[in-house]
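Fold and geometry: a report
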Amino acid sequence: MIYVCVPVHNEARTAGLVLWKVRQVFTAFPREYQLLVLDDASTDHTREVLASYAKVLPMTIVAHRERRGYARSLEELLRLALQRTDRPKRDCAITLHADFVHSPESMEDMVKHLESGADLVVAELVEQRGRVSRALGLARRWTPRLLRVAGLRDTVSGFLALRLIVLRQALRRDTTQFLQTEGWCASAELVARLAPHARRLDAVPAAARYDLVQRPSRVRPWRQLLEAWRARSVIRAARTVVALLLIAVGLHAQSDTAPRTDSTRADSAGVPSMAAMAIVTPPVAVPFLVGERLVYGARYGPFSVGTATMQVAGIDTIRGVEAVHFVFLIDGGALWYHIHQNLESWVGRHDFRSRRFLNQTEERGKAWERKFEIYPDSGFYREAGRDTTVATVADPLDDAAFLYWIRTVPLEVGKRYEYRRYFRPERNPVIVEVLKRERVGVAGKKWDAIVVRPRIPNGGGIFAEKADARMWLSDDSLRIMLALQSKFSFGQVTLKLKQIDSIKENAASPPEHP
């Protein structure tokens, strides 16, 4: 089913013609469709026009007694479509203006893109037919540049098609007004909220038919540009969803929460590639005890985008070897987006080598799990659900274990260190540069900190070369991670320590190096 959503206000001259044109499109391109039309307190003859067409078209009319605006009307229609569907993965919605600036013929192309695998299709108005004022033309040209969404040139057309499952995921956990802006800004905001949940985003060219519009534009060009400038923070907030996932996992680029790929490349396990690198001798014992729990808050500019915890959970036995159990948890969200992730690591108590690594993630309405059994004595690892084994390094570490292990090695200001200990050889080396000492305030107090720059030349995510990440470790025997900062295409994200829970004394201490 295709739900064509048409918000209307004082469009008596064109509303009926637009609806009839929709009927012609789906007569020539046979698909099951329904028209959902909302009359936003029209004061002309729109109501009568809609009532006459409702007698001959598959159409539902919703009416407002008081005007609520384009954004509220559009949101109500989309929620109605989602309420009616029983197959959100198959059914779709199309948003269409009633003033004829959109050409309904483009709907055929948009539906074909959905049928070929796209989840969200945006019509970009790349051609203008008819004349508009110079001020309106300038506003139409510059507003999309202020309200950018990756992969699109035109974010404000308001003419798009989407699978309803994408809308359901975007509305998940949402209890307030979905669209917070108005007019052209609301069109860009809708795209920004839907895009992170779409597996594939397509754009199709379309013409702006100003030659068919029967009324003066309601857009006030200079006011529209001012509103677009003010709405930039809302659109930018849409991009924080990437940061939530990357910050949550620390060395996320290493853990492959994306589709599975085999690791087949061999590596000179544990052998540095740089002859001039510093030689590291691990200390006798680690600076953390069972029960340590660190709580962090993640922020992107003024936005709080989640919390994370790092915990030394206990001592277990893995294949006859005593292993310390580390747990990472992330629970975050920004407006329409939510993620819950659980990373667990088991490392040998006496040799600090990974034995097991678990990644459970629920993100954008999808859930997956990956579990690795690591055999350092035999030199291979195996992923659950696969029969093949893959070579590992001599002293393997996984994502969670690495951030604890870095607390155990000597770090001197001005030195550069390379480590080839990640359990998937092709992702090595991890490089750590010790930049300086600094005084920082987190968790309600001032700390002396060592500032380090971790990076993964062969990887991505928060420790990629271009991310220019910084990590603050307490300059004491505990080496607690106080903060983590990384750059993304949309800006800088910072993870700061908020709370240190009490440490439980335990007779069974965490890992020791031989």
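Now for a description of the structure that goes with this document. Since we're looking at a predicted model, the values are computed, not measured. (Residues numbered from 1 in each chain as written. Predicted model: local features only at pLDDT ≥ 70, side-chain atom pairs only at ≥ 80, totals over all residues. Heavy atoms only, no water.)

**Some remarks on the overall build of the protein**
Of the regular secondary structure elements, the protein holds 11 helices and 21 strands. Per-residue burial for the protein yields a buried fraction of 56% across its 514 residues. Partitioning the contacts of the protein with sequence separation of at least 6, the portion at a separation of at least 24 is 67%. With the model as given, the accessible surface of the protein reaches about 22600 Å², and the carbon-plus-sulfur share is 50%. (Helix = DSSP H or I, 4+ residues; strand = E, 2+ residues; numbered from the N terminus. Buried < 20%, exposed > 50% of the residue type's maximum accessible area, 1.4 Å probe, protein only. Contact = heavy atoms within 4.5 Å. Areas by Shrake-Rupley, 256 points an atom, 1.4 Å probe, with all protein chains shown as cover.)

**Brief notes about the environment of E344**
Within the fold, E344 resides in strand β11 (residues 337-348). Owing to a relative accessible area of 14%, E344 belongs among the buried residues under this scheme. The spacing of E344 and L358 is 14 residues in sequence and 5.1 Å in space, taken between C-alpha atoms. With near-sequence residues (within four places) excluded, E344 lies in contact with H325, F326, V327, R356, F357, L358 and Q360.

**With respect to the pattern of salt bridges**
Counted by the stated rule, this structure contains 30 salt bridges. For D377, the salt bridge identified is with R353, shortest N-O distance 2.6 Å. With D377 in the loop between β13 (366-375) and β14 (380-383) and R353 in the loop between β11 and β12 (354-363), this residue pair connects regions lying 24 residues apart in the sequence. A cluster of three or more residues bridged by salt bridges with shared partners is formed by D351, R353, R355, D377 and D395. (Salt bridge = Lys/Arg side-chain N within 4 Å of Asp/Glu carboxyl O.)

**Here we look at the nonpolar core**
With 60 residues, the main nonpolar core has F352, Y419 and L482 as its most contacted residues. Sorting elements by how many residues they give to this core places helix α11 (residues 399-405) first, with 6 residues. V25, V49, A123 and A206 belong to the second-largest nonpolar core, a separate cluster that totals 37 residues. (Core = buried A, V, L, I, M, F, W, Y, C linked by side-chain atoms within 4.5 Å.)

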